[in-house]
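So the chains spell out like this:
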Amino acid sequence: MSVCAQKTRMVLAHKGLEWESKHLDLRAGEQFSAEFRKINPKGLVPALVHDDKVVLESNAIVQYLDEVFAAPPLLPVDAVERAEARGWLIRLDAGLHEHIAVVSFCVAFRHQILQRHATPESLQEFFAQIRDPSRRAVMEDIVTNGLMSSRLLLAVFVYDKLLKDMTSCLAASGCLVGRELSLADFAMLPYIERLEQLQLSQWWESYPELGRWLARLRATPAYELGVAQWSNPAYLQLMKESGSDAWPKIQALLSD
Ligand SMILES: N[C@@H](CCC(=O)N[C@@H](CS)C(=O)NCC(=O)O)C(=O)O
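Residues numbered from 1 in each chain as written. Predicted model: local features only at pLDDT ≥ 70, side-chain atom pairs only at ≥ 80, totals over all residues. Heavy atoms only, no water.

Caption draft 1: Seen up close, the nonpolar core. Ranked by internal contacts, the top residues of the largest apolar core, which has 78 residues, are Tyr-159, Ile-192, Trp-203 and Trp-213. The element contributing the most residues to this core is helix 4 (residues 79–116), with 14 residues. Of the residues that make up this core, three or more belong to each of domain 1 (3–68) and domain 2 (79–255). Among residues more than four places away in sequence, those in contact with Ile-192 are Tyr-159, Leu-162, Leu-163, Met-166, Trp-204, Leu-210, Trp-213 and Leu-214. (Core = buried A, V, L, I, M, F, W, Y, C linked by side-chain atoms within 4.5 Å. Buried < 20%, exposed > 50% of the residue type's maximum accessible area, 1.4 Å probe, protein only. Helix = DSSP H or I, 4+ residues; strand = E, 2+ residues; numbered from the N terminus. Domains from an automatic or database assignment. Contact = heavy atoms within 4.5 Å.)

Have a look at this one:
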């Protein structure tokens, strides 16, 4: 259920490409194995291996796929629109990706970590596996503090602005850029769907454009092959249960 892997699989599926998937159990720490670190020393998914070459970073991967497998194209022809589509991808790397991790862990996934690592020693061992000190600090904070993490407030404000910006772009054609679905739509979908899985869809109750956009993307074969078929019922259940009382707390942060 990695948002970056969902995005990548949707693009592979939209292009009609066949791929072999090696699923890693992130909660079990399989991304930290020596074998996977040979592919991605950062211990992050997804990683694409194509023609014996490794391509890392999901936004670089989807653009690589769009260049190497040109049809059907997923970037607009118009240069300004191409720049706009890339702008949405940059927005993910410039903060939103970290913010969805903050929201997801503060509301739901921290419970998995706390359950798996029930003693302080085991929890410290888990944090110690994260080599990047900044990622480790974020994880320690959100797992330990949950909805009380100060990072959640920032994440909520950034998301609120994103939902408004998306709505104003979607009003014109139902797509984020131009008139056809592009990398921008496929990249952004998992970040919005995750909010819904966390029971936060009331956030965009007054933005019907977003609901229509979600429905349009979910009707694509790419969604079925890249996202729906990979859903993990246990994760969905955890997000549903843990998210049941999250919206009033998020709403309170928004009105502070
Ligand atoms: N910038 C990277 C981010 C990758 C990333 O954060 N992947 C997450 C899943 S969405 C992951 O592997 N998490 C495992 C961990 O943090 O230990 C990309 O876009 O590929």
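Caption draft 2: View of helix 12 (residues 246–255). For helix 12, the complete set of buried residues consists of Ala-246, Trp-247, Ile-250 and Leu-253. Relative to the axis of helix 12, the buried residues are bounded by an arc of 120° and lie together on one face. On its buried face, helix 12 sits against helix 4, helix 7 (150–173) and helix 11 (233–243). (Arc of directions from axis to C-beta.)

Caption draft 3: Spotlight on the pairing of strand 1 (residues 47–50). Sheet analysis places strand 1 next to strand 2 (residues 53–56), joined by four bridges and oriented antiparallel. Bridge assignment links Val-49 to a residue of strand 2, and that residue is Val-54. Connecting strand 1 to the antiparallel partner strand 2 that follows it, the hairpin turn spans two residues, and Asp-51 within it adopts a positive phi of roughly 50°. (Pairing = 2+ DSSP bridges.)

Caption draft 4: Representation of the site of the ligand. The local shell around the ligand holds 13 residues, among which Val-45, Glu-57, Ser-58, His-97 and Arg-135 are the closest. In the environment of the ligand, an oxygen atom lies 2.6 Å from a nitrogen or oxygen atom belonging to the side chain of Ser-58. His-97 is positioned with one of its side-chain polar atoms (N or O) 2.8 Å from an oxygen atom of the ligand. Its residues assigned to classes, the shell around the ligand comprises seven nonpolar, four polar and two charged. (Near = heavy atom within 4 Å. Polar contact = N/O pair within 3.5 Å; in protein donor to acceptor, adjacent residues only side chain to side chain. Nonpolar A, V, L, I, M, F, W, Y, C, P; charged D, E, K, R; others polar.)

Caption draft 5: Geometry of the side chain of Arg-9. Looking at where Arg-9 falls in the secondary structure, it is placed in helix 1 (residues 3–14). One buried charged residue, Arg-9, remains without a salt bridge, the closest side chain of opposite sign being Glu-193 at 9.0 Å. Only 2.8 Å separates the side chain of Arg-9 from the backbone oxygen of Gly-226, close enough to count as a polar contact. Residues in contact with Arg-9, not counting those within four places in the same chain, are Trp-19, Gly-226 and Trp-230. (Lys, Arg positive; Asp, Glu negative; His and termini not counted. Salt bridge = Lys/Arg side-chain N within 4 Å of Asp/Glu carboxyl O.)

Caption draft 6: Fine view of the packing of aromatic side chains. Scanning the model with the defined rule gives five aromatic pairs in all. With centroids separated by 5.6 Å and ring planes inclined at 80°, the aromatic side chains of Phe-105 and Phe-109 adopt a geometry described as edge-to-face. One end of the pair, Phe-105, and the other, Phe-109, are both in helix 4, four residues apart, so they sit about a helical turn from each other. What links up through ring pairs into an aromatic cluster is the set Phe-105, Phe-109 and Tyr-235. The ring of Phe-109 has Arg-27 sitting right over it, with the charged end atom 4.5 Å from the ring centre. (Phe/Tyr/Trp six-rings, centres within 6.5 Å; stacked < 30°, edge-to-face > 60°. Lys NZ or Arg CZ within 6 Å of the ring centre and 35° of its normal.)

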